[in-house]
Amino acid sequence: MWIKQLSFYRLSGESLTDAEKLSTALAKRPFHPCSGLDWFSEGWVPPAGFLCDPVYPAQGKLMVSLKREDKVLPAGVIRDFLDAKIGEIEANELRKVGRKEKLELKEQITDDLLPRAFTRSSRLSAYLDLGRGWLMVDSGTASKAEALVSQLREALPPFPAALPRTQLSPHAAMTAWVADGEAPEGFELDAECELKDPAENGAVIRCTRMDLTSEEIRQHIANGMLVTRVGLIWREQVRFVLTDTLQLKRIQFLDVLQEEASGAGDDVESLFEASFLIGSEALGEIVDALVEALGGLTEDQQAASAGTAAAPAAQPDPGQTGGGSDVPWD
């Protein structure tokens, strides 16, 4: 499993270290398909099709997957049924249908159509890196990542996860990196960035396939523009775009890591485990290095994280058989 986008959260306080406890909590909230008048449903599923447990433990990391199913009922379909019903009433009863009656008819038609609507399923994976104290969510969309964290809090309250707060603001640090033409240790600037004028309704410049050390880029920064996204490469192993909200977009694990994972074996289980362990280790190093480059976590978040457990999780057998959708969330 290779993560494509990343939102990460700091685990704090009495951090979860027991895979069995987490598995028991998530097993009580399994995924069930939409039924009746439900617009959507969410629940936990095994992280891979060959597993049967909702938690996949591997070397101090616990992977989980949240599945969501949404009813698909286009507004145009409801409108067509509503127009037909209104036309029928006006023709048979020789009167105009008022606004209040139209709203009531719309609700009735929606309730009639909803049980027969198509469904669209999606899946969002994440893992707890217990040794480093991070929750890593495979999404670059804040609302989706927060939805998964919310479900974890409901399953195992109070779930101690918060967005990282660093001593240096990301956009100030990224602006300095590009202005100086040098990324932090372990990173190198790639060929992509986004610059924004901080003024209200200010200009936005997006640069791709461009030398970020060029005089043109530096001139924009000298004129007061801030870097809000920047492409980085980590130790010639991982390429990604860092945003000013501390999300990693368009993550690409380069050939050296791909080849290392492929050497683990040809069967699905071995490849899944290898790609997860190799990818999660690389992302853990990247996140730690980025936070360090941003001056570390704020003092209050460091204090809250002081109790985060670093002990390895219990390692029950991840399972031999079981179901689970492989539809990606993003």
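Cut-offs and rules
- Residues numbered from 1 in each chain as written.
- Predicted model: local features only at pLDDT ≥ 70, side-chain atom pairs only at ≥ 80, totals over all residues.
- Heavy atoms only, no water.
- UniProt positions renumbered as here; feature names shortened; annotations may be inferred.
- Helix = DSSP H or I, 4+ residues; strand = E, 2+ residues; numbered from the N terminus.
- Domains from an automatic or database assignment.
- Contact = heavy atoms within 4.5 Å.
- Buried area = accessible area lost by both parts, 1.4 Å probe.
- Salt bridge = Lys/Arg side-chain N within 4 Å of Asp/Glu carboxyl O.
- Phe/Tyr/Trp six-rings, centres within 6.5 Å; stacked < 30°, edge-to-face > 60°.
- Buried < 20%, exposed > 50% of the residue type's maximum accessible area, 1.4 Å probe, protein only.
- Lys NZ or Arg CZ within 6 Å of the ring centre and 35° of its normal.
- Patch = residues over 30% accessible without salt bridge, like charges linked within 9 Å, V, L, I, M, F, W, Y side chains within 5 Å.
- Areas by Shrake-Rupley, 256 points an atom, 1.4 Å probe, with all protein chains shown as cover.
- Lys, Arg positive; Asp, Glu negative; His and termini not counted.
- Charge placed at Lys NZ, Arg CZ, Asp CG, Glu CD.
- Disulfide = S-S within 2.5 Å.
- Arc of directions from axis to C-beta.
- Axes fitted to C-alpha atoms, helices over the stretch in contact; angles between N-to-C directions.
- Parallel < 35°, antiparallel > 145°, perpendicular 65-115°, else oblique.
- Left-handed = near helix turned anticlockwise from the far one by under 90°.

Within an unreviewed UniProt entry, the label attached to the chain reads Recombination-associated protein RdgC, and the organism entered is Crenobacter caeni. As recorded by UniProt, the Subcellular location (unreviewed entry) comment attached to the chain reads in full: "Cytoplasm, Nucleoid". Quoted verbatim from the Sequence similarities (unreviewed entry) field of UniProt, the annotation for the chain is "Belongs to the RdgC family."

Go over the environment of V77 with me, naming the residues and quoting the values.
The topology assignment puts V77 in helix α2 (residues 75-93). Considered as a pair, V77 and V291 are 214 residues apart in the sequence and their alpha carbons are 49 Å apart.

Which residues make up the domain arrangement of the chain, and what values go with them?
By the assigned domains, the chain splits into domain 1 (6-73 + 116-162), domain 2 (75-115) and domain 3 (170-294). Here the C-alpha centroids of domain 1 and domain 2 sit 39 Å apart. With eight residues of domain 1 at the interface, the matching set in domain 2 holds eight residues. Interface area, domain 1 with domain 2, both sides summed: about 810 Å², of which 65% is carbon and sulfur. Sorting the residues of domain 1 by area buried against domain 2 places L37, L73 and R116 first, and these three jointly supply 75% of that buried surface. On the surface where domain 1 and domain 2 come into contact, there are zero salt bridges.

With reference to specific residues and values, describe the packing of aromatic side chains.
Within this structure, the stated rule accounts for eight aromatic pairs. Between F50 and F272, the ring centres sit 5.5 Å apart and the planes meet at 85°, which makes this aromatic pair edge-to-face. One end of the pair, F50, is in the loop between β2 (40-45) and β3 (56-58); the other, F272, is in helix α8 (residues 268-293), with 222 residues separating them in the sequence. Summarising the burial analysis for this pair, F50 and F272 share the class buried. On the basis of an interplanar angle of 80° and a centroid distance of 6.2 Å, the ring pair of F187 and F240 is categorised as edge-to-face. Here the residue F187 occupies a position in strand β8 (residues 187-196), and F240 occupies one in strand β11 (residues 238-243), the gap between them amounting to 53 residues. Both residues of the pair, F187 and F240, count as buried. Against the face of F40 rests R68, its NZ or CZ located 4.1 Å from the ring centre.

Residue-level account of a negative patch on the surface, with values.
A grouping of E104, E107, D111 and D112 is seen on the molecular surface, where their side chains present a negatively charged patch. Mapped onto the elements, D112 comes out in helix α3 (residues 99-113).

Lay out the state of the cysteines with the relevant residues and their values.
Applying the stated criterion across every chain yields a total of zero disulfides. The structure places no disulfide on C193, whose sulfur is separated from the nearest cysteine sulfur, that of C207, by 4.2 Å.

Could you give me a rundown of helix α1 (residues 19-27), with the residues and numbers involved?
Inspection of α1 places A19, L22, S23, A25 and L26 among the buried residues, and these make up the whole buried set. Axial view of α1: buried residues confined to an arc of 165°, hence all on one face. Those residues of α1 hidden inside the fold are in contact with β2, β3, β4 (61-72), β5 (118-129) and α4 (142-155).

Explain unusual backbone geometry to me, using residue names and the numbers behind them.
The omega torsion across P157 and P158 is -10°, close enough to zero to call that bond cis. For P158, the position within the fold is in the loop between α4 and β7 (161-162). Positive phi, normally seen in glycine, also occurs at R235, with a value near 45°. Along the chain, the position of R235 falls in the loop between β10 (226-234) and β11.

An account of the environment of T166 is needed here, citing residue identities and associated values.
With respect to the secondary-structure elements, T166 resides in the loop between β7 and α5 (170-180). For T166, a relative accessible area of 14% translates into the label buried. Measuring from C-alpha to C-alpha, the distance between T166 and L246 comes to 9.7 Å, with 80 residues separating the pair along the chain. Here T166 is in contact with L246, V291, L294, G296, L297 and T298, once residues within four sequence places are set aside.

Describe the packing of α2 against α3, with residues and values.
Contact geometry for α2 and α3: axes closest at 10 Å, N-to-C directions at 125°. The angle between α2 and α3 falls in the class oblique. In this structure, α2 crosses over α3, and the sense of that crossing is right-handed. Between α2 and α3, the contacting residues are V77, I78, F81, L82, K85, I86 and I89 on the first element and E101, K102, L105, K106, I109, T110 and L113 on the second.

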